[in-house]
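What follows is each chain in one-letter form.
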Amino acid sequence: MIYFAQMRFPKPEFKDYIEPVLELEERIPDTTLLRVLILAVMLFLTGLALYRWRSRKRLQLLAAANLLIFGFLFKACPCPVGMYQNLAAAFFQGQPVPLGLVLLFILPLAVALYWGRLFCMGGCPMGALQELLHLKTIHVPLWLDRLLRQIPLLILLVFTVIAGSGGTYYFCRIDPFYGLFSFSTSAKLWGIALFWLVIGLFISRPVCRYLCPYGVLLRFFSLLSPRKVEITTGDCVRCRLCEQGCPNGAVIEPEPLKSLEDHEVGRRRLGRLLAWTPWVILLCAVAGFWLADPVAQTHKEIVLLRDLERGNATKAVETFAASGRPLAELQQSAAKAKRIIRNGMTISGAIFGAVLMLELLVLSRRRFSNSAYQVDRGLCFACGRCYEICPVEKQFLNNEKTRKDTKN
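Below: a short report on this structure. (Residues numbered from 1 in each chain as written. Predicted model: local features only at pLDDT ≥ 70, side-chain atom pairs only at ≥ 80, totals over all residues. Heavy atoms only, no water.)

Regarding the overall build of the chain
Scanning the chain from N- to C-terminus turns up 22 helices and two strands. Residues counted as buried form 44% of the 408 residues belonging to the chain. Across the chain, the fraction of contacts at a sequence separation of at least 24, relative to all contacts at a separation of at least 6, is 83%. By element, 66% of the accessible surface of the chain is carried by carbon and sulfur atoms, the whole surface being about 22,100 Å². (Helix = DSSP H or I, 4+ residues; strand = E, 2+ residues; numbered from the N terminus. Buried < 20%, exposed > 50% of the residue type's maximum accessible area, 1.4 Å probe, protein only. Contact = heavy atoms within 4.5 Å. Areas by Shrake-Rupley, 256 points an atom, 1.4 Å probe, with all protein chains shown as cover.)

Brief notes about unusual backbone geometry
Residues cysteine 77 and proline 78 are joined by a peptide bond in cis, for which omega reads 0°. Within the fold, proline 78 resides in the loop between helix 4 (56-73) and helix 5 (80-93). For arginine 205, which is not glycine, the phi torsion reads 45° and is therefore positive. With respect to the helices and strands, arginine 205 occurs in the loop between helix 13 (187-200) and helix 14 (206-210). Located in the positive-phi region is arginine 238, a residue other than glycine, with phi close to 55°. Structurally, arginine 238 can be placed in the loop between helix 15 (214-223) and helix 16 (241-245). On the accessibility criterion, arginine 238 (38% relative accessible area) is partly exposed.

Digging into the environment of alanine 40
By the secondary structure assignment, alanine 40 is in helix 3 (residues 32-52). Here alanine 40 falls in the partly exposed class, since its relative accessible area comes to 33%. As for alanine 40 and valine 111, which are separated by 71 residues in sequence, their C-alpha atoms are 9.0 Å apart.

Let's talk about the packing of helix 5 against helix 10 (residues 151-164)
Angle between the axes and distance between the axes are the two parameters that describe a pair of packed helices. Helix 10 packs onto helix 5 with a crossing angle of 45° between their chain directions and a minimal axis gap of 8 Å. Classified by the angle their axes make, helix 5 and helix 10 are oblique. Helix 5 and helix 10 meet at a crossing whose hand is right-handed. Where helix 5 abuts helix 10, its residues Tyr84, Gln85, Ala88, Ala89, Phe92 and Gln93 lie against Ile155, Leu156, Phe159, Thr160, Ala163 and Gly164. Taken together, the residues that form the contact of helix 5 with helix 10 break down as eight nonpolar, four polar and no charged. (Axes fitted to C-alpha atoms, helices over the stretch in contact; angles between N-to-C directions. Parallel < 35°, antiparallel > 145°, perpendicular 65-115°, else oblique. Left-handed = near helix turned anticlockwise from the far one by under 90°. Nonpolar A, V, L, I, M, F, W, Y, C, P; charged D, E, K, R; others polar.)

Remarks on the packing of aromatic side chains
For the structure on display, the rule yields 14 aromatic pairs. With 5.1 Å between their ring centres and 90° between their planes, phenylalanine 91 and phenylalanine 92 make a pair best called edge-to-face. For phenylalanine 91, a relative accessible area of 67% corresponds to the exposed category. The class for phenylalanine 92 is partly exposed, based on a relative accessible area of 38%. (Phe/Tyr/Trp six-rings, centres within 6.5 Å; stacked < 30°, edge-to-face > 60°.)

Let's talk about a nonpolar patch on the surface
Taken together, Trp276, Trp279, Leu282 and Val286 make up a surface patch of nonpolar side chains, about 510 Å² in accessible area. When you line up the elements, valine 286 lands in helix 17 (residues 263-296). For valine 286, a relative accessible area of 48% puts it in the partly exposed group. (Patch = residues over 30% accessible without salt bridge, like charges linked within 9 Å, V, L, I, M, F, W, Y side chains within 5 Å. Salt bridge = Lys/Arg side-chain N within 4 Å of Asp/Glu carboxyl O.)

Quick word on helix 8 (residues 125-133)
For helix 8, the buried fraction is high: seven of the nine residues fall into the buried class. Looking only at helix 8, the buried set comprises Pro125, Met126, Gly127, Ala128, Leu129, Gln130 and Glu131. Where the residues of helix 8 are buried, they touch helix 4, helix 7 (119-122), helix 12 (178-181), helix 13, helix 14 and helix 21 (385-389).

Some thoughts on helix 6 (residues 99-115)
An ideal rise of 1.5 Å per residue puts 24 Å on 17 residues; helix 6 measures up with 24 Å between its terminal C-alpha atoms. Maximum bend of helix 6: about 30°, positioned at isoleucine 106, with proline proline 108 one to four residues after it. Listed as buried for helix 6 are Gly100, Leu101, Leu104, Phe105, Leu107, Pro108, Leu109, Val111, Ala112 and Trp115. Glycine 116 occupies a position one or two residues after helix 6 and carries a positive phi of about 90°. (Expected span 1.5 Å × (residues − 1). Bend = angle between axes of the 7 residues up to and from the residue.)

Next comes the structure, spelled out in structure tokens:
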């Protein structure tokens, strides 16, 4: 935990500064491995509640336990949601990362690879809080929903580049619920949390869908999962209740044969999208390269070197002058940061363009007729609402309960 804080707040660059001995480390045990163990148990129980028990009520109880344990007991930090910044810094800057933090980051992704996004319900306190406080659903139009879902990808790419270059962990400063769980006195953090909580009363999980960078990784791994939520164990009667009741747009409507368009029309549309794909990727890469300079101005070493060259009298310049640090060392550090940001932003732009076109290709592909409503693995948050609202599933569960009561 202390190391995690040190990575965010490096020691001051004062002359003759001696770093104090952290005796606290010996007195307070590191709870990261304990957190990993509890997270594994919570994810396992969430998987049982979703796939075996098929119970919305049990999922809600697990979400409440998740909120109490990971939110208010462990104060939601460190959390896999912002851990990608630590790993990016470790990879590019050669900083060590404790095993517990690596496991905390990898475990939800490994589970998603088989069971889907269980972490969003049984391991993430931010997701649990939004789930429990959601009152009435206002559905976001499909085109707007898909557009807003690209924002987390941008956050993931840009903040990874900044952290990898040695910059500040900016996502931790805008995390909507960090101030809430840490009982911060910052009015800004409380204002951000309140803003998203109010939106979450009517739009389901707005932070998970339109802000969380870790959700991008969870969605990708979930798409590779062999398991997916089956809305009902019986025959679908196509009543549309699950489609209307899912607040996250994760239920896929079956497409009747009569609405299938001509094969040639669909083939030409896909052909145009494929032809545009390399040009969009190139354009986004160029945009990333062009945006590298503005992003670089957020790096403390680059800003310090700029102020020194311009003769600006800032506190950072005064601290640098008093530290006795060689100017050549600062120039070398700033040049390295610029290089990482320039290359990273260019590659990030290309990745964003490729993902954007892939999203369009998936939305535009020809879907064959299906007799039942299905669940999108990448968009499902394991909330269990579809079990609760499906009349066929409700009847099946009631029959199972009656059978067990009769047997007992």
